[in-house]
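In case you want the letters, here they are:
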Amino acid sequence: MLDTAKEVRVPDIGDFEMVDVVEVLVQPGHVVAIDDPLITLETEKASMEVPSTVSGKVREVLVKVGDQVGEGAVIAVVDAEDGSAEQPDAPAAAEQAAAPLAAPAPAREPATVATPDRSPKPHASPAVRRAARISGIDLRDIEGSGPHGRILKEDVDAFARRRSAVETQASATIDFSRFGEIEIKPLSRIRAAAARNVHRAWTSIPHVTQHDEADITELESFRKVEGQKVKEHGLRLTLLSFVMKAVVGALREYPDFNASLGADGTELILKKYFHVGIAVDTPDGLVVPVIRDVDRKSLLDLARELADVSSRARAGKMRLDEMQGGCFTISSLGGIGGTAFTPIVSAPEVAILGVSRAKLAPVYRDGAFEPRLMLPLSLSYDHRVIDGAAAARFTTHLAHLLSDVRRLLL
Ligand code: CAO
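Attention here is on the structure that accompanies the text. (Residues numbered from 1 in each chain as written. Predicted model: local features only at pLDDT ≥ 70, side-chain atom pairs only at ≥ 80, totals over all residues. Heavy atoms only, no water.)

**Here we look at the pairing of strand 20 (residues 368-382)**
The side chains of a regular strand alternate, residue by residue, between the two faces of the sheet. Note the following rule: Buried, partly exposed and exposed residues are distinguished by accessible area as a fraction of the type maximum, computed with a 1.4 Å probe on protein chains only: under 20%, between the cut-offs, and over 50%, respectively. Where helices and strands are cited, they refer to DSSP runs of H or I of at least four residues and of E of at least two residues respectively, numbered from the N terminus. One requirement defines pairing of two strands: DSSP has to find at least two bridges between them.
Here strand 20 lies mainly inside the structure; 11 of its 15 residues are buried. Of the pairings in the sheet, the one linking strand 10 (residues 207-215) to strand 20 comprises 9 bridges and is antiparallel in character. Across the sheet, H211 pairs through a bridge with S378, a residue of strand 20. Where strand 18 (residues 351-355) and strand 20 come together, 5 bridges link them in antiparallel fashion.

**Looking at the packing of aromatic side chains**
For clarity, the threshold we go by: Centres within 6.5 Å make a pair out of two Phe, Tyr or Trp rings, where for Trp the six-membered ring is used; the pair is then stacked when the planes are under 30 degrees apart, edge-to-face when over 60, and tilted otherwise.
Applying the stated criterion to the full structure yields 5 aromatic pairs. Taking the centre distance of 6.2 Å and the plane angle of 90 degrees together, the rings of F222 and F242 count as edge-to-face. Highlighted residues: F222 in helix 5 (residues 217-231) and F242 in helix 6 (residues 239-253), separated in sequence by 20 residues. We classify F242 as buried; its relative accessible area is 0%. One aromatic cluster in this structure is built from Y254, F257, F328 and F394.

**Observations concerning the nonpolar core**
To be explicit about the condition: Remark: nonpolar core denotes a set of buried residues (Ala, Val, Leu, Ile, Met, Phe, Trp, Tyr, Cys) joined through side-chain atoms within 4.5 Å. In this description, contact between two residues means that some pair of their heavy atoms is separated by no more than 4.5 Å.
Counting 54 residues, the largest nonpolar core has F328, I330 and L402 as the members making the most contacts within it. With 10 residues, the top contributor of residues to this core is helix 6. Once you skip the residues sitting within four places of it in the chain, L402 turns out to touch A214, D215, I216, L219, F242, V243, A246, L375, L377 and L408. One finds V21, V24, A76 and A80 within the second-largest nonpolar core, a separate group that totals 22 residues.

Dropping the structure here:
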């Protein structure tokens, strides 16, 4: 008899070698179509569904929740519906397998179940399943209030609130409610993962922060004039695009800042490309999309890309590969406020620039005080790689570039 079995494997997962399986969406007996999600993978930065590249009945599932898988690992064996043992690679399927994974995947119906029915996954969109996962909730515990019992985001939120109240009573070592009203808010998965990462970076990297300020009076006049012109085309030219350009100028001048420490700590890997991570504040926690080849982009290209990535980051729609490969990170709190802060280096990078709110200050120039617009800069660096003197030179050069918009644009 012809063996119709066909394996579905983990496709290209970017720079990650191994990622966690957080959800298995099919079981033996399920009937799947091409593109039906089989499993969900998750890193600390994003989650993604792996679609089937074969249509047919699932014969065997070879992964389980908690496994770690890499590119090429067999997820499931599917009895191909057309009966061919080795189907010629359909272009769409091959392309799908090779393409980097996107998060979150577009909404699809769960796989249908052949007889006998093996308790299919509850009906819920990928976005709702992701929300449940972030809060560590099993959707089978929830009764859906949507059409045909579909589980809605509100159902997940309500369940999380009820569970929190119960857990608090059971596990809090200190009952703060004895002293006044409290509310318990579960940490999102992204926030919990970020907490682990910053803790690891803070405890493993000897941090020092160098503070400086740049006179951006002229840059700001230029930005206002140019910003007004591009505003008519729906584009916001904020200071951040200029800071990105200046950072590239400083990285060129001081290449040790565009580097990572080798695994055994005896060599420095210098990067010849300029990919800059931008910290974006989102409802689920901090996300750091990476803007590639900043050296080759114009201010307007950068402004456009910033608007795009920050809105997609806030909507949870960044692809995994868009958050990888950064050389240096900028964390700008200038739109919010503050005078200085100490950002934490995003390992394996060796430095991060914090930007606070620019303000008018009296600066002594040519025998008199003048009102100048000063931008606070806070550069945290890995002291294993960078000395204090190098950091002071880096921020001085950065301030110099920002103070002279002509040099910056050259
Ligand atoms: N000084 C004065 N004003 C500033 C400024 C600065 N340094 N930086 C931005 N602004 C102004 C902008 O020009 C804008 O003004 P308008 O509303 O008049 O246009 C306003 O503040 C809001 O800016 P923005 O924050 O929307 O845009 P941005 O390009 O400066 O920043 C982004 C984009 C995505 C980086 C930002 O929105 C964000 O998420 N910041 C938070 C990052 C964060 O949480 N970092 C901490 C991480 S822990 O290390």
